[in-house]
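Notes for the structure review
Listed here are the chains, written in short residue letters.
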Amino acid sequence: MAIERTFIAVKPDGVKRGLIGEVLKRFEMRGYKIIGLKMLQVTPEQAAAHYAEHVGKPFYDGLVKFITAAPVVAIALEGEDVVAQARRIMGATDPNKAEIGTIRADFGQAMNRNIVHGSDSVESANRELAIYFKSEELMSGAKNSFDYVIESLL
Ligand code: UDP
Ligand code: MG
């Protein structure tokens, strides 16, 4: 399977509840590489670009208000089939329907307080990564690969 990248965000509810480390741990323990990481306050422009597909839906205004209200942690992950696998680790959108053991089932409180975001396709991932990260902020590729740096130091 192909090496992919995906965009994950710990949403304001996850940050406020002290779940940044928990979310990162779940992806790291599955072996995915964190290639980008930052805390930021999402701007209305970023939120509109991120959630463009949901414009006009009943939950849209609340979603944009929520995601821009307080800091989020933006995470870029890299690994084999990581887009779909990260969605499995997160669980279904509604925490009450998510499999036990997923992030959303274990910590989510409601559909609109479900702790994490994760891209739903490779195409979405590339689009979303570009909203939150400059290309030079992603520590990947031949130039700044962790593996290369570590190997050359040992
Ligand atoms: N959402 C909501 N009510 C809904 C559907 C979605 O509050 O009825 C929120 C929820 O926080 C979700 C986000 O909008 O994570 C984006 O919705 P999407 O259908 O893309 O779900 P996801 O890809 O996050 O599982
Ligand atoms: Mg989605």
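One structure accompanies this document, and this report is about it. (Residues numbered from 1 in each chain as written. Chains lettered and ligands numbered in written order. Predicted model: local features only at pLDDT ≥ 70, side-chain atom pairs only at ≥ 80, totals over all residues. Heavy atoms only, no water.)

**Quick look at the sheet that holds strand 4 (residues 116–118)**
Where strands meet in a sheet, backbone hydrogen bonds hold them as pairs that are either parallel or antiparallel. Inclusion rule: Strand pairing is defined by DSSP finding a minimum of two bridges between the two strands. Starting at the N terminus, helices and strands are each numbered in turn, a helix being any DSSP run of H or I of at least four residues and a strand any DSSP run of E of at least two. To get an axis, a line is fitted to the C-alpha atoms, and for a helix only the part in contact is used. The angle between two axes follows their N-to-C directions and goes from 0 to 180 degrees.
Taken together, four strands build an open sheet; the order of strands is 2-3-1-4 and the sheet is antiparallel. At either margin of the open sheet sits one strand with a lone partner, and together these are strand 2 (33–40) and strand 4. Each strand axis lies, on average, 20° off the axis of its neighbour in the sheet, ignoring direction.

**Notes on the packing of aromatic side chains**
Working definition: an aromatic ring pair is given by the centre-to-centre distance plus the angle between the planes. For clarity, the cut-off: Stacked, tilted and edge-to-face are the three classes applied to pairs of Phe, Tyr and Trp rings, where Trp contributes its six-membered ring and a pair requires centres within 6.5 Å; stacked means planes under 30 degrees apart, edge-to-face means over 60, and tilted covers the rest. Here the term buried applies to any residue with accessible area under 20% of the maximum for its type, exposed to any over 50%, and partly exposed to those in between, with areas from a 1.4 Å probe on protein chains only.
In the structure shown here, the tally under the stated rule is two aromatic pairs. Between Phe7 and Phe133, the ring centres sit 6.4 Å apart and the planes meet at 70°, which makes this aromatic pair edge-to-face. One end of the pair, Phe7, is in strand 1 (residues 3–10); the other, Phe133, is in the loop between helix 7 (122–132) and helix 8 (141–144), with 126 residues separating them in the sequence. Pair check on accessibility: Phe7 and Phe133 agree, each one buried.

**Focus: the site of ligand 1**
The line we're drawing: Each residue is tested against the molecule or strand, and it is near if at least one of its non-hydrogen atoms lies within 4 Å. Here a polar contact is taken to be a pair of N or O atoms separated by no more than 3.5 Å, where protein atoms must pair a possible hydrogen donor with a possible acceptor and residues adjacent in sequence count only if both atoms sit in side chains. All accessibility values rest on the Shrake-Rupley procedure with a 1.4 Å probe; residue burial counts only the protein chains present in the view. In this analysis a 1.4 Å probe is tested at points of a 1 Å grid over the protein atoms alone, and where it fits but cannot get out there is a cavity; an open set with protein on both sides within 12 Å along at least five of seven lines is a pocket; lining residues have an atom within 4 Å of a point. For a cavity or pocket, the test is whether more than half of a molecule's atoms lie within 2 Å of its grid points; if they do, the molecule sits there. All amino acids are sorted into three groups, where Ala, Val, Leu, Ile, Met, Phe, Trp, Tyr, Cys and Pro are nonpolar, Asp, Glu, Lys and Arg are charged, and the leftover types, Gly among them, are polar.
Every residue lining ligand 1 is accounted for by Lys11, His54, Phe59, Leu63, Arg87, Thr93, Arg104, Met111, Asn112 and Asn114. In this structure, an oxygen atom belonging to ligand 1 sits 3.0 Å away from a side-chain N or O atom of Arg104. Contact with the protein chains covers 81% of the free accessible surface of ligand 1, which is 500 Å². When atom positions are compared with the pocket grids, ligand 1 is found to occupy the largest pocket. Looking at the shell around ligand 1, its residues break down into three nonpolar, four polar and three charged.

**What to know about helix 4 (residues 60–67)**
To be explicit about the condition: By definition, the arc is the one covered by directions from the helix axis to the C-beta atoms. Residues count as neighbours in contact if any of their non-hydrogen atoms are within 4.5 Å of one another.
Every buried residue of helix 4 is listed here: Tyr60, Leu63, Val64, Phe66 and Ile67. Across the axial projection of helix 4, the buried residues extend over an arc of 165°, all falling on one side. Those residues of helix 4 that are exposed and angled more than 90 degrees off the buried face are Asp61 and Lys65. For helix 4, the secondary structure elements touched by its buried residues are helix 1 (12–16), helix 3 (44–50) and strand 3 (72–80).

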